[in-house]
Amino acid sequence: EIDLYSENIQQKQEDALTLESEIETLENSIAKHEKEIEKNQEEIDIIKLKIQENRLKITDLEDEIQNNEVELENFLQLLYEKERKTYLEIFFTTESLSDFSSELESLNTVQEKIRQIVVSKKEAKQTLREEREELVINKKDSEQKTKDLENQIAYTDGEKLTKESILKETNLSE
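Calculation rules
- Residues numbered from 1 in each chain as written.
- Predicted model: local features only at pLDDT ≥ 70, side-chain atom pairs only at ≥ 80, totals over all residues.
- Heavy atoms only, no water.
- Helix = DSSP H or I, 4+ residues; strand = E, 2+ residues; numbered from the N terminus.
- Rg over C-alpha atoms; globule rule 2.2 N^0.38 Å.
- Buried < 20%, exposed > 50% of the residue type's maximum accessible area, 1.4 Å probe, protein only.
- Contact = heavy atoms within 4.5 Å.
- Areas by Shrake-Rupley, 256 points an atom, 1.4 Å probe, with all protein chains shown as cover.
- Core = buried A, V, L, I, M, F, W, Y, C linked by side-chain atoms within 4.5 Å.
- Patch = residues over 30% accessible without salt bridge, like charges linked within 9 Å, V, L, I, M, F, W, Y side chains within 5 Å.
- Salt bridge = Lys/Arg side-chain N within 4 Å of Asp/Glu carboxyl O.
- Lys, Arg positive; Asp, Glu negative; His and termini not counted.
- Charge placed at Lys NZ, Arg CZ, Asp CG, Glu CD.
- pLDDT = per-residue confidence, 0-100.

**Points about the overall build of the chain**
Stage number 1. Tallying secondary structure elements over the chain gives three helices and zero strands in all.
Stage number 2. What you see in the chain, going N to C, is helices and strands ordered as α-α-α.
Stage number 3. Taken against the 2.2 N^0.38 rule, which gives 16 Å for 174 residues, the C-alpha radius of gyration of the chain at 38 Å runs more than 25% over that of a compact globule.
Stage number 4. Counting every position in the chain, which comprises 174 residues, the buried fraction comes to 22%.
Stage number 5. A sequence separation of at least 24 residues applies to 90% of the contacts in the chain between residues at least 6 apart.
Stage number 6. Total accessible area on the chain is roughly 13,300 Å²; 52% of this is exposed by carbon and sulfur atoms.

Shown next as structure tokens:
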């Protein structure tokens, strides 16, 4: 009978060590997952900031393109008016050779400005496409990370329930 009690005591001690170990493992796992949740939440916040930044850049680029179009329209009108006159007409309507030269230089300046506006507009449109693509990628990334975060929270909640259940069972068996 003493041996039977000794075996029971030893068995209970082993059971207690196993439960203690299981609880410690759960506590460590819960702590690890909580840190991962914090990290993922920070990553989601960073992505949301990137999305806001993308939206601001897109708005700025759309405004820039619109301004380029207005400016281009104005310079094309000016070019049209300047090019309606032939070089001969310009020559005879100017009072001096320097005025003639200034008129030709002005025409060249308008043409160069138009070229610059067109180049700027093309670059802005390309950047706008890139920003829109990045926005789509960031949105998808945010959605995926949010789903992952929700899964991590659910898993961690499950571990907490398991730990509580073990502690309740242990308290009841005592």
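**Details of the nonpolar core**
Stage number 1. Among the nonpolar cores identified, the biggest contains eight residues, and these are I47, I51, I58, L61, I65, A124, L128 and L135.
Stage number 2. Elements with a minimum of two residues in this core: α1 (2-83) and α3 (97-173).
Stage number 3. Broken down by element, this core gets its largest block of residues, five residues, from α1.
Stage number 4. Look past the residues within four positions of L61 in its chain and what remains in contact with it is A124, T127, L128 and E131.
Stage number 5. Counting residues in each nonpolar core, the second largest holds six residues, with L79, L107, V110 and I114 among its members.

**With respect to the side chain of Q152**
Stage number 1. Locating Q152 in the fold gives a position in helix α3.
Stage number 2. Setting aside residues up to four positions removed in sequence, Q152 forms contacts with E36, I37 and N40.

**Notes on a negative patch on the surface**
Stage number 1. A surface patch of negative charge is lined by D60, D63, E64 and E123.
Stage number 2. Here the negative patch takes three residues from α1, the largest share from any one element.
Stage number 3. Structurally, E123 can be placed in helix α3.

**Some thoughts on the pattern of salt bridges**
Stage number 1. Inspection of every chain in the model, using the stated rule, returns 12 salt bridges.
Stage number 2. E43 is the salt-bridge partner of K39, the closest N and O atoms lying 3.4 Å from each other. Linking K39 with E43, this pair stays in helix α1, spanning four residues, or about one helical turn.
Stage number 3. Overall, the relative accessible area of 22% leaves E43 in the partly exposed class.

**Quick look at the confidence of the model for the chain**
Stage number 1. The share of residues in the chain with pLDDT of 70 or more is 93%, and the mean pLDDT across the chain is 87.
Stage number 2. Per-element confidence in the chain is highest for α3, whose mean pLDDT is 90, and lowest for helix α2 (residues 87-93), whose mean pLDDT is 69.

**A look at the environment of L72**
Stage number 1. Secondary-structure assignment places L72 in helix α1.
Stage number 2. Judged by its relative accessible area of 14%, L72 falls in the buried class.
Stage number 3. The contacts of L72, once residues within four sequence positions are left out, are I114, I117 and V118.

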